[in-house]
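Spelled out, the chains give:
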Amino acid sequence: MAEKGLEITPANGKLGILLVGLGAVSTTFVAGVEAIRKGKAAAIGSLTQMGTIRLGKRTENRSPHIKDFAPLADLNDIVFGAWDIFPDSAYEAALHAGVLEKSDVENLREQLESLKPMAAVFSQNYVKRLNGTNVKDGKNKMELAEQLMADIQRFKEEKGCERLVIVWAASTEIFLAPSEVHNTIEVFEKAMYDNDERIAPSMIYAYAALKSGVPFANGAPNLTIDIPALTELAEKNNVPICGKDFKTGQTLMKTIIAPGLKARMLGLEGWYSTNILGNRDGEVLDDPESFKTKEESKLSVLEHILQPEVYPELYKDFSHVVRINYYPPRGDNKEGWDAIDIFGWLGYKMQIKIDFMCRDSILAAPLVLDLALFLDLAQRAGMKGVQEWLSFYFKAPQTAEGLYPEHDIFIQLKKLKNTLRYMMGEELITHLGLEYYD
Ligand SMILES: NC(=O)c1ccc[n+]([C@@H]2O[C@H](COP(=O)([O-])OP(=O)(O)OC[C@H]3O[C@@H](n4cnc5c(N)ncnc54)[C@H](O)[C@@H]3O)[C@@H](O)[C@H]2O)c1
């Protein structure tokens, strides 16, 4: 344990948050931060802004806000940048996304209009349902990465940023399995020169970020930075990374409820999840190849939490089905149904039904903020490579090779808070508590 904590460089100067994709999630995030800075809204849903952390014994009554405990960047020091395949400003994109009321968008018009996306690295081979004009040209994938690196450098200079963080909040790409071109930095770079189809646009952004020393979070289920070549590059260049796929709506509910059922040793026969959503994300996921990427990410959660191999009488062969249906009238207001078939004492069957009428981007926006602030903190604390303590935010948390991910949201939260205590040189909390009874 780091008794004195890690040495953390102070958060002086501006932090640039570069968003890949300026769609529903990104514009809701930017608008939210702008509204909070104007004092018009509270950062609801954000652990960094609203959460507290207990320090020491329960009798000490020390529970500061996380933002007062860890040296996070101040919201007033954040500047935004973005890339998108459509040239629309954040103002137009927010209106198109239809998440926020028109009046809320109008109130922030000036700030949102000033955020215009840079040209994207994109190919329709990876997102079949989209086609845009604001796209870079390059003779190979390495040249495209170099153009992104130039964008990153220019943005940093023009905006006078001390530090940067990049968050992927662009569309879900088609499913790609890890293969030999993803194994080492050398073969990965050669594959970029060769325009190998196994190098997706998201990997080109991730590569450009790491080469520029910029932390990278992956909010979508794409493989992206979860490959040995890029985790190795992150280690080598001292850059923290994390992913994949923001844990919002239905999977958030799953990782809240499943640990509770398991805690009480209640059995599970099946869990059927279906969603309707009508935003651009829903349209992209209507393509079977993009849906497969999402499905893999959503399905892994229950197996890991319930551990059927450890509890065969309770969880062996439970049926788990996930469906997403594109249904335009609902826009970003997703409705997710879960039909959960459980069994208890003597095998008697019971059912739980959930109908979550959620707002996808309202749930995702605070996650973008927290991830950007925590990744920036991690980098200033000298942490590099995969940041497993940020699993809390993801459906398919990235881990060290060979390690299964921790999906239980309560374990994830403990891990996150203990990591903050460790960084700051505070005692870790085990919840043993025997000393209160001595
Ligand atoms: N909202 C949630 O709750 C949630 C949860 C988990 C994951 N996600 C993921 O986050 C991502 C963003 O979701 P959204 O609702 O904002 O989607 P969206 O369709 O509104 O926005 C995505 C944007 O990315 C742009 N884009 C696509 N490919 C690009 C590229 N190569 N470079 C730059 N821009 C590109 C699109 O033009 C679009 O504007 C999706 O992959 C989604 O699956 C969202």
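Reading the values: the criteria
Residues numbered from 1 in each chain as written. Predicted model: local features only at pLDDT ≥ 70, side-chain atom pairs only at ≥ 80, totals over all residues. Heavy atoms only, no water. Helix = DSSP H or I, 4+ residues; strand = E, 2+ residues; numbered from the N terminus. Buried < 20%, exposed > 50% of the residue type's maximum accessible area, 1.4 Å probe, protein only. Contact = heavy atoms within 4.5 Å. Phe/Tyr/Trp six-rings, centres within 6.5 Å; stacked < 30°, edge-to-face > 60°. Lys NZ or Arg CZ within 6 Å of the ring centre and 35° of its normal. Pairing = 2+ DSSP bridges. Axes fitted to C-alpha atoms, helices over the stretch in contact; angles between N-to-C directions.

## Comments concerning the overall build of the protein chain
Thought 1: Looking only at helices and strands, the protein chain has 16 helices and eleven strands in total.
Thought 2: Taken along the three principal axes of its C-alpha coordinates, the protein chain extends 65 × 50 × 50 Å.
Thought 3: Among the 438 residues that make up the protein chain, the fraction classed as buried is 55%.
Thought 4: Put simply, 76% of the contacts in the protein chain that link residues at least 6 apart link residues at least 24 apart.

## Notes on the packing of aromatic side chains
Thought 1: Counted according to the given criterion, the structure contains seven aromatic pairs.
Thought 2: Between Phe29 and Phe80, the aromatic rings sit 5.5 Å apart at their centres with planes inclined by 90°, giving edge-to-face as the arrangement. Of this pair, Phe29 sits in helix α1 (residues 24-37) while Phe80 sits in strand β2 (residues 78-84), and the two are 51 residues apart along the sequence. Per residue, the accessibility class of Phe29 equals that of Phe80, and both read buried.
Thought 3: A network of ring pairs unites the aromatic residues Trp83, Trp168 and Tyr205 as a single cluster.
Thought 4: In this structure, Lys292 is placed above the aromatic ring of Phe175, and the distance from its NZ or CZ to the ring centre is 4.5 Å.

## A few points about the sheet that holds strand β8 (residues 319-326)
Paired through backbone hydrogen bonds, the strands of a sheet run either parallel or antiparallel to each other.
Thought 1: Strand order in this open sheet of four strands is β8-β7-β9-β10, and the pairing throughout is mixed. A strand with exactly one partner marks an edge of an open sheet, and here the two such strands are β8 and β10 (349-357). Neighbour-to-neighbour, the strand axes of this sheet turn through a mean angle of 10°, independent of strand direction.
Thought 2: As defined by bridge partners, strand β9 (residues 335-343) adjoins β10 across nine bridges and the pair is classed as antiparallel.

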